Amino acid sequence: MASGTVTSSEYIAHHLTNLTFGNHPVNGLGFAHSAQEAAEMGFWAINVDTMFWSIALGLAFVWFFRKVAKSATSDVPGGAQNFVETIIEFIDDNVKSIFHYKNALIAPLALTIFVWIFLMNTMDLVPVDWIPFLAAEMGIHFMKVVPTTDVNATAGMALSVFALILYYSIKQKGLGGFLAELSFQPLGKWLLPFNLFLEVVGLLAKPVSLALRLFGNMYAGEMIFILIALLPFWAQWILSVPWAIFHILVITLQAFIFMVLTIVYLAMAHEDH
Amino acid sequence: MNINLTIIGQAIAFFIFVVFCMKYVWPPLTSALAERKKKIADGLDAAERAERDLKLAQEKATDNLRESKEQAAAIIEQANKRANQIVDEAKEQAREEANRVKAAAEAEIEQEINQAKEALRAQVAALALAGAEKILEASVDEKAHAQLVEKLAAEL
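Residues numbered from 1 in each chain as written. Chains lettered and ligands numbered in written order. Predicted model: local features only at pLDDT ≥ 70, side-chain atom pairs only at ≥ 80, totals over all residues.

> I'm lost on the overall build of chain A in this one. Help?
The helix and strand inventory of chain A stands at nine helices and three strands. Across chain A, helices and strands are ordered from the amino to the carboxyl terminus as α-β-β-α-β-α-α-α-α-α-α-α. By residue count, 34% of the 273 residues in chain A fall in the buried class. Taking as baseline every contact in chain A between residues at least 6 positions apart, the subset at least 24 positions apart corresponds to 66%. (Helix = DSSP H or I, 4+ residues; strand = E, 2+ residues; numbered from the N terminus. Buried ≥ 20, exposed ≤ 12 C-beta atoms within 10 Å, placed from the backbone. Contact = placed C-beta atoms within 7 Å.)

Shown next, in the form of structure tokens:
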């Protein structure tokens, strides 16, 4: 919790600032000391906390799944294998019901998206002050532990998905086919500029909506946790417990939505008109 | 809330995790699942086959049992018939034997009667002759009366 000298707005701003490492025009290479300094670093800076937590969670995910996959048997499965198989089958069912083409990438992609985003979202349920407090004790001033509340993280994934959409659109239909799809729909070739505008906006809306939906939901959830943390410590549970329980639904749902939309977009990319 | 290099770092991390997942996580797990599915299907098949086999075997056993019962009944029947036949044959043989013995005995008796008659007749003739000689006290010409005596003896 914020010490007595910190105002509420400072506390909130502190919790919403990433640990940014970059080249500041005045202070040179180093960590930003405020949100403003981070902004002044421009594009060539990196949010160390986002990268650290997302990669750590991603590694935890692939380590655990790889460990289970290595010892996977077709005999009676153990507890861990059972758990992993449940997730695999859930993903596989979803992919099979939406994506009807042959592509070995889609299911592992969906699995990675679902589990990784779920894990990153789950960091939201860690009480908002624990890790930043520990980090502060270790001399790290900013520490945002939920990578999906950083728009860079969600946009990074959304843009990767967007790249896959473009890649498979061109691969399946050819560059000409893809351009024709953008130009001659929905109103026929005489309204080509209008069609192009409509379709390009629709195409660009896919990654933007993917990134902003996840970011917006998680950012808002985190913000509410931070606001609840401003209450006296004995009253916080009245709000934080219901919100956390509700948030279990939100983090799962957002991971699921990101995954399903990715599958849908890629299925659309494979679709030939 | 700045867009910065993190966006690229995140995309790279995402790419690496997806590729790792695609190469080392997804295939072994799905193949294990498929293999188990196949095993279960095979097991169910085998169980069904075994059940069918059992049913067939039971039917066969029932058939065999019924057949052997029938056979046993036929054998007993035959044996009974044979026994009756043997008894009948034995009776028949005994009856024939008895008849034969009886006939032989009768023939022997007949013969003995005849012999006795013959002997008696001869004795009677001699006795009659002796009687007549004594009565007449005269020498009777045996030759002249032989015919008469013979006639007498034949009448006895």
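> Would you explain the overall build of chain B in this entry?
Helix and strand content of chain B: two helices and zero strands. Projecting the C-alpha coordinates of chain B onto the three principal axes gives extents of approximately 195 × 20 × 15 Å. Taken over 156 residues, chain B has a buried fraction of 11%.

> Sorry if this is basic, but what is going on with the nonpolar core here?
Buried together is how nonpolar side chains tend to be arranged in soluble globular proteins. By size, the foremost hydrophobic cluster in this structure holds 70 residues, and its most contacted members are Ala110(A), Leu111(A), Ile113(A), Phe114(A), Trp116(A), Ile117(A) and Leu29(B). For this core, the elements supplying multiple residues, two or more each, are β3 (45–47), α3 (48–70), α4 (79–98), α5 (106–122), α7 (151–183), α8 (192–229) and α9 (236–270) of chain A together with α1 (6–136) of chain B. Per-element tally for this core: the top contributor is α5(A), with 13 residues. (Core = buried A, V, L, I, M, F, W, Y, C linked by C-beta atoms within 7 Å.)

> Explanation requested: α9(A) in the structure shown.
Residues and elements named next belong to chain A. When the terminal C-alpha atoms of α9 are compared, their 49 Å separation across 35 residues agrees well with the 51 Å that a helix rising 1.5 Å per residue should span. At Phe 246, α9 shows its largest kink, close to 25°. Of the surrounding elements, those touching the buried residues of α9 are α4, α5, α7 and α8. (Expected span 1.5 Å × (residues − 1). Bend = angle between axes of the 7 residues up to and from the residue.)

> Help me out: how do you make sense of the interface of chain B and chain A in this one?
The figure often quoted for interface size is the accessible area lost as the parts come together. Contacts between the two partners involve 30 residues from chain B and, on the opposite side, 41 residues from chain A. The class makeup of the residues in the side of chain B that touches chain A is 21 nonpolar, six polar and three charged. (Nonpolar A, V, L, I, M, F, W, Y, C, P; charged D, E, K, R; others polar.)

> When you look at the pairing of strand β1 (residues 20–24) of chain A in this model, what are you seeing that I'm missing?
Looking along a regular strand, one sees the side chains alternate between the two faces of the sheet. Residue and element names in this part refer to chain A. Two strands pair when backbone bridges link them, and β1 and β3 are joined in this way by three bridges, in the antiparallel orientation. Note on β3: the bridge partner recorded for Phe 21 is Ile 46. Both β1 and strand β2 (residues 28–31) contribute to a ladder of four bridges, which runs antiparallel. The residue of β2 that forms the bridge with Gly 22 is Gly 30. Adjacent in sequence and paired antiparallel, β1 and β2 are bridged by three residues. (Pairing = 2+ DSSP bridges.)

> Explain the packing of α3(A) against α1(B) to me, please; I cannot follow it from the model alone.
Each pair of packed helices can be summarised by the angle the axes make with each other and by the distance between the axes. Where α3(A) meets α1(B), the closest approach of the two axes is 9 Å, and the angle between their N-to-C directions is 5°. By the angle between their directions, the pair α3(A) and α1(B) is classed as roughly parallel. For the pair α3(A) and α1(B), the contacting residues are Thr50(A), Met51(A), Ser54(A), Ile55(A), Gly58(A), Val62(A), Phe65(A), Arg66(A) and Ala69(A) in the first and Thr6(B), Gly9(B), Gln10(B), Ala13(B), Phe17(B), Phe20(B), Cys21(B), Tyr24(B), Val25(B), Pro28(B) and Leu29(B) in the second. (Axes fitted to C-alpha atoms, helices over the stretch in contact; angles between N-to-C directions. Parallel < 35°, antiparallel > 145°, perpendicular 65-115°, else oblique.)

> Just to check I follow, could you spell out the environment of Ser97(A) for this structure?
Turning to its location among the elements, Ser97(A) is positioned in helix α4. Through-space distance from the C-alpha of Ser97(A) to that of Ile263(A) is 10.0 Å; in sequence the pair is 166 residues apart.

> Explain the packing of α7(A) against α1(B) here, please?
Where α7(A) meets α1(B), the closest approach of the two axes is 7 Å, and the angle between their N-to-C directions is 55°. Between α7(A) and α1(B), the crossing angle belongs to the class labelled oblique. Helix-helix and strand crossings are classified by hand; for α7(A) and α1(B) the assignment is right-handed. Residues Asn152(A), Ala153(A), Ala155(A), Gly156(A), Met157(A), Leu159(A) and Ser160(A) of α7(A) lie in contact with α1(B), whose contacting residues are Thr6(B), Ile7(B), Ile8(B), Gln10(B), Ala11(B), Phe14(B) and Phe15(B). (Left-handed = near helix turned anticlockwise from the far one by under 90°.)

> Where do I start with the sheet that holds β1(A) in this structure?
Strand pairing in a sheet relies on backbone hydrogen bonds. The paired strands run either parallel or antiparallel. Residue and element names in this part refer to chain A. Strand order across the open sheet formed by three strands is β2-β1-β3, with antiparallel pairing between neighbours. The sheet is open, and its two borders are formed by β2 and β3, each paired with just one other strand. Ignoring strand direction, the axes of neighbouring strands in this sheet form an average angle of 15°.

> For this particular structure, what's the right way to read α8(A)?
Since one α-helical turn is 3.6 residues long, residues separated by three or four positions face the same way. All names here are of chain A. With 38 residues, α8 ought to run about 56 Å at 1.5 Å a step, and its terminal C-alpha atoms sit 54 Å apart, in line with that. Its axis deflected by about 30° at Ala 205, α8 carries its strongest bend there, up to four residues before the proline Pro 207. Turning to α8, its buried residues are Pro 207, Leu 210, Ala 211, Leu 214, Phe 215, Asn 217, Met 218, Tyr 219, Gly 221, Glu 222 and Phe 225. Residues of α8 that are buried in the fold lie against α5, α7 and α9.

> I would appreciate a short explanation of the environment of Asp53(B) in the present structure.
Considering the arrangement of structural elements, one finds Asp53(B) in helix α1. According to the C-beta neighbour criterion, Asp53(B) is exposed, with 10 such atoms within 10 Å.

By themselves, these observations are geometric and do not establish any function.
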